[in-house]
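An overview of the molecular structure
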Amino acid sequence: MSQTLENIAEIDEKLSQRHIDLDPGGYFIIYIDRQSNLICAKHFTNVIDERGLAVDPETGKVIPAKGKVERTHTTLFSARTAKELCVKIFEETQPCPVTQLSHAAYLGREFVRAELALVNNLEYVQD
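Conventions used here
Residues numbered from 1 in each chain as written. Predicted model: local features only at pLDDT ≥ 70, side-chain atom pairs only at ≥ 80, totals over all residues. Heavy atoms only, no water. 1 Å grid on protein atoms, 1.4 Å probe; cavity = no way out; pocket = protein on both sides within 12 Å on 5 of 7 lines; lining within 4 Å. Points joined across faces, edges and corners; volume = space filled by probe spheres on them. Helix = DSSP H or I, 4+ residues; strand = E, 2+ residues; numbered from the N terminus. Nonpolar A, V, L, I, M, F, W, Y, C, P; charged D, E, K, R; others polar. Pairing = 2+ DSSP bridges. Axes fitted to C-alpha atoms, helices over the stretch in contact; angles between N-to-C directions. Contact = heavy atoms within 4.5 Å. Left-handed = near helix turned anticlockwise from the far one by under 90°. Salt bridge = Lys/Arg side-chain N within 4 Å of Asp/Glu carboxyl O. Buried < 20%, exposed > 50% of the residue type's maximum accessible area, 1.4 Å probe, protein only.

1. Things to note about the layout of surface pockets
Space inside the largest pocket adds up to approximately 1800 Å³. Surrounding the largest pocket, 41 residues form its lining, I20, A65, Y106, Q126 and D127 being those nearest its centre. Broken down by secondary-structure element, the contributors of at least two residues to the lining of the largest pocket are helix 1 (5–16), strand 1 (27–33), strand 2 (38–44) and helix 3 (101–119). Counting residues per element, the lining of the largest pocket draws most heavily on helix 3, at 6 residues. Of the residues in the lining of the largest pocket, the class split is 18 nonpolar, 10 polar and 13 charged.

2. Structural notes on the sheet that holds strand 2
The sheet built from 3 strands is open, its strands ordered 1-2-5 with antiparallel pairing. In this open sheet, the two strands that pair with only one neighbour each are strand 1 and strand 5 (75–79). Averaged over all adjacent pairs, the angle separating strand axes in this sheet is 20°, with direction ignored. Sheet analysis places strand 2 next to strand 5, joined by 5 bridges and oriented antiparallel. Of the residues in strand 5, the one forming a bridge with K42 is L76. Along the sheet face, helix 2 (residues 82–91) touches strand 1, strand 2 and strand 5 and points at about 145° away from the line of strand 5.

3. What about the pairing of strand 1?
Sheet analysis places strand 1 next to strand 2, joined by 7 bridges and oriented antiparallel. By the bridge assignment for strand 2, D33 is matched with L38.

4. Some words on the packing of helix 2 against helix 3
Where helix 2 meets helix 3, the axes come as close as 9 Å, and the angle between the chain directions of the two elements is 145°. The element helix 2 and its partner helix 3 pack so that their crossing is right-handed. Judged by residue contacts, A82, K83, L85, C86, I89 and F90 of helix 2 engage A104, L107, G108, F111, V112 and E115 from helix 3. Residue classes in the contact of helix 2 with helix 3 are distributed as 9 nonpolar, 1 polar and 2 charged.

5. A few points about the pattern of salt bridges
A side chain with one charge may pair with a side chain of the opposite charge, provided their charged atoms come close. Inspection of every chain in the model, using the stated rule, returns 4 salt bridges. Where R80 meets E84, a salt bridge forms, and the shortest distance between an N and an O atom there is 2.5 Å. Classification of R80 as exposed rests on a relative accessible area of 57%. Judged by relative accessible area, which is 22%, E84 ranks as partly exposed. For the salt bridge of E110 with R113, the shortest nitrogen-to-oxygen distance reads 2.7 Å. With E110 and R113 both in helix 3 and 3 residues apart, the pair spans about one turn of that helix.

In structure tokens, the structure reads:
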């Protein structure tokens, strides 16, 4: 039985609402640099507190999930394809900044979405 685009969007939307444990290795802000034709991922460090919230290791303040946050990234990764970006982050960077398999899977999905948006000249908004 084939899935319709509506079914897929509904499944994805529902799954996007689930609880996820945050990665103590940090988080990424993913975007497209159209001028350079690159997928970019800024890596930021964080500490996970006893409540499971991401906290800025320098200020101790909770990092909000939505809205603008003034922080400096530790590393900027950029690549021409999702696969190239994954190789740079997961294979070439030691120690790897990603410490949870669920986070790695999420990043892989997002990098593919960003690549498709780049190739097809579509808007990309990180989930």
